[in-house]
Amino acid sequence: MLARDSSQISRNDIVIDEICSLNWRNLSADDMTAVAWAYYYFSIQFRENLRIACASRPDDPALKLLLAEECDTSNLSPYPGIAEAGEKMNHDEFMRRALKLKQLPAETRWRFSRAGSNYLSAVKNVPTHIRGQSMASYEDGGLERVFEAMLTAPHHDDPLLNAFRFFLAEHIRFDSDPVAGHGNLSRHLGDDDKISELWRLFLQLLIEATPSLSHQAREERIHAAS
Ligand SMILES: [Fe+2]
Ligand SMILES: [Fe+2]
């Protein structure tokens, strides 16, 4: 990853930094399960935004390739309990199937679904062209940094969290290749500070689903227990 000097730090970077500095290193298995649910909803808007970008540039070969690699791909297949060998799918479908690997109380599922639906409704209020342009910020280093931060969480060995960890590690590889990587396929859309609104909504979703991500919440819990 390239070092950034302070003059290059955009509003997007500020929110991404905030996400990366959340309390990833102290998450329990339940917390990480909540993160996987939050990420599933993020992945729905990611697919929608990519389709918006493709619709705005129907003859763009790089975006066509990116769409194929995110929405009609076997690049995560096979995976036990989720994808057969060679099976093509959207990456949000991979996450949807991963979530089914872990039974949760109905009340917990309802809480995650409500947070996710509220997030997706808020995303719909972001101007369409900014949603399309977000692919450059997501794929050209933004998500790579977020995934690296997520991978600093302690690993808890269960089928869902193993699949989510595999998903994150593979995505760092997909996005970062200097030639064939997803960053290289989307960079030409250009960055825009207004994309920070989408990053901010993701930050809010993560904290709503996983309050332990907030350092303040953790300190209050420790204080209450002492
Ligand atoms: Fe993906
Ligand atoms: Fe990607």
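Each value, and the rule that gives it
Residues numbered from 1 in each chain as written. Chains lettered and ligands numbered in written order. Predicted model: local features only at pLDDT ≥ 70, side-chain atom pairs only at ≥ 80, totals over all residues. Helix = DSSP H or I, 4+ residues; strand = E, 2+ residues; numbered from the N terminus. Buried ≥ 20, exposed ≤ 12 C-beta atoms within 10 Å, placed from the backbone. Contact = placed C-beta atoms within 7 Å. Core = buried A, V, L, I, M, F, W, Y, C linked by C-beta atoms within 7 Å. Axes fitted to C-alpha atoms, helices over the stretch in contact; angles between N-to-C directions. Parallel < 35°, antiparallel > 145°, perpendicular 65-115°, else oblique. Left-handed = near helix turned anticlockwise from the far one by under 90°. Nonpolar A, V, L, I, M, F, W, Y, C, P; charged D, E, K, R; others polar. Expected span 1.5 Å × (residues − 1). Arc of directions from axis to C-beta.

Engineer: Mind showing me how you'd approach the overall build of the chain here?
Structural biologist: For the chain, the count of helices and strands is 10 helices and zero strands. Looking at the 226 residues of the chain, the share that counts as buried comes to 38%. The contacts in the chain between residues at least 6 apart in sequence include a share of 78% that link residues at least 24 apart.

Engineer: Is there a simple way to think about the nonpolar core in this case?
Structural biologist: Generally speaking, nonpolar side chains in soluble globular proteins are found buried as a group. Val35, Ala36, Ala38, Leu205, Leu206 and Ala209 are the most contacted members of the largest nonpolar core, which totals 56 residues. Secondary-structure elements contributing two or more residues to this core are helix H1 (11–20), helix H2 (29–56), helix H3 (61–71), helix H4 (91–99), helix H5 (106–124), helix H6 (128–150), helix H7 (159–176) and helix H9 (196–209). Broken down by element, this core gets its largest block of residues, 13 residues, from H2. Each residue touching Leu206, except ones within four places of it in the same chain, is listed here: Ile19, Leu22, Val35, Ala38 and Leu213.

Engineer: Hey, could you run me through the packing of H2 against H4 in this one?
Structural biologist: The description of two helices packed together rests on the angle between their axes and the distance between the axes. Taken N-terminus to C-terminus, the directions of H2 and H4 make an angle of 160°; their axes are 8 Å apart at the nearest point. It follows from the interaxial angle that H2 and H4 lie roughly antiparallel. The element H2 and its partner H4 pack so that their crossing is left-handed. Contact residues: Ala36, Trp37, Tyr39, Tyr40, Ser43, Ile44 and Arg47 in H2; His91, Asp92, Met95, Arg96, Ala98 and Leu99 in H4. Its residues placed into classes, the contact of H2 with H4 shows eight nonpolar, two polar and three charged.

Engineer: Sorry, what's going on with the environment of Asn26 here?
Structural biologist: Secondary-structure assignment places Asn26 in the loop between H1 and H2. Considered as a pair, Asn26 and Pro154 are 128 residues apart in the sequence and their alpha carbons are 6.9 Å apart.

Engineer: Even after reading the chapter, I still don't get the packing of H4 against H7, so can you show me in this structure?
Structural biologist: Where H4 meets H7, the closest approach of the two axes is 9 Å, and the angle between their N-to-C directions is 160°. Between H4 and H7, the interaxial angle falls into the category roughly antiparallel. As for the relative orientation of H4 and H7, their crossing is left-handed in sense. On H7, the residues that touch Phe94, Met95, Ala98 and Leu99 of H4 are Leu160, Ala163, Phe164 and Phe167. Split by residue class, the contact of H4 with H7 holds eight nonpolar, no polar and no charged.

Engineer: Looking at this model, I keep getting lost on the environment of Asp31. Mind explaining?
Structural biologist: With respect to the helices and strands, Asp31 occurs in helix H2. A tally of 19 C-beta atoms within 10 Å means that Asp31 is categorised as partly exposed. Taking the C-alpha atoms as reference points, Asp31 and Gly190, 159 residues apart in sequence, are found 34 Å from one another. Leaving out residues up to four positions away in the same chain, Asp31 has contacts with Thr210 and Ser212.

Engineer: Which parts of the structure should I look at to understand H7?
Structural biologist: Along an α-helix, residues three or four positions apart point the same way, because every turn accommodates 3.6 residues. Its 18 residues place the ends of H7 26 Å apart at the C-alpha level, agreeing with the 26 Å of an ideal helix rising 1.5 Å per residue. Along H7, the positions that sit buried rather than exposed are Leu160, Leu161, Ala163, Phe164, Phe167, Leu168, His171, Phe174 and Asp175. The arc enclosing the buried residues of H7, seen along the axis, measures out at 155°, which places them on a common side. Summarising the contacts, the buried residues of H7 are in contact with H2, H3, H4, H6 and helix H8 (182–186).

Engineer: Would you take a moment to explain the environment of His129 for this structure?
Structural biologist: The residue His129 is located in helix H6 in this model. Taking the C-alpha atoms as reference points, His129 and Asn49, 80 residues apart in sequence, are found 9.0 Å from one another.

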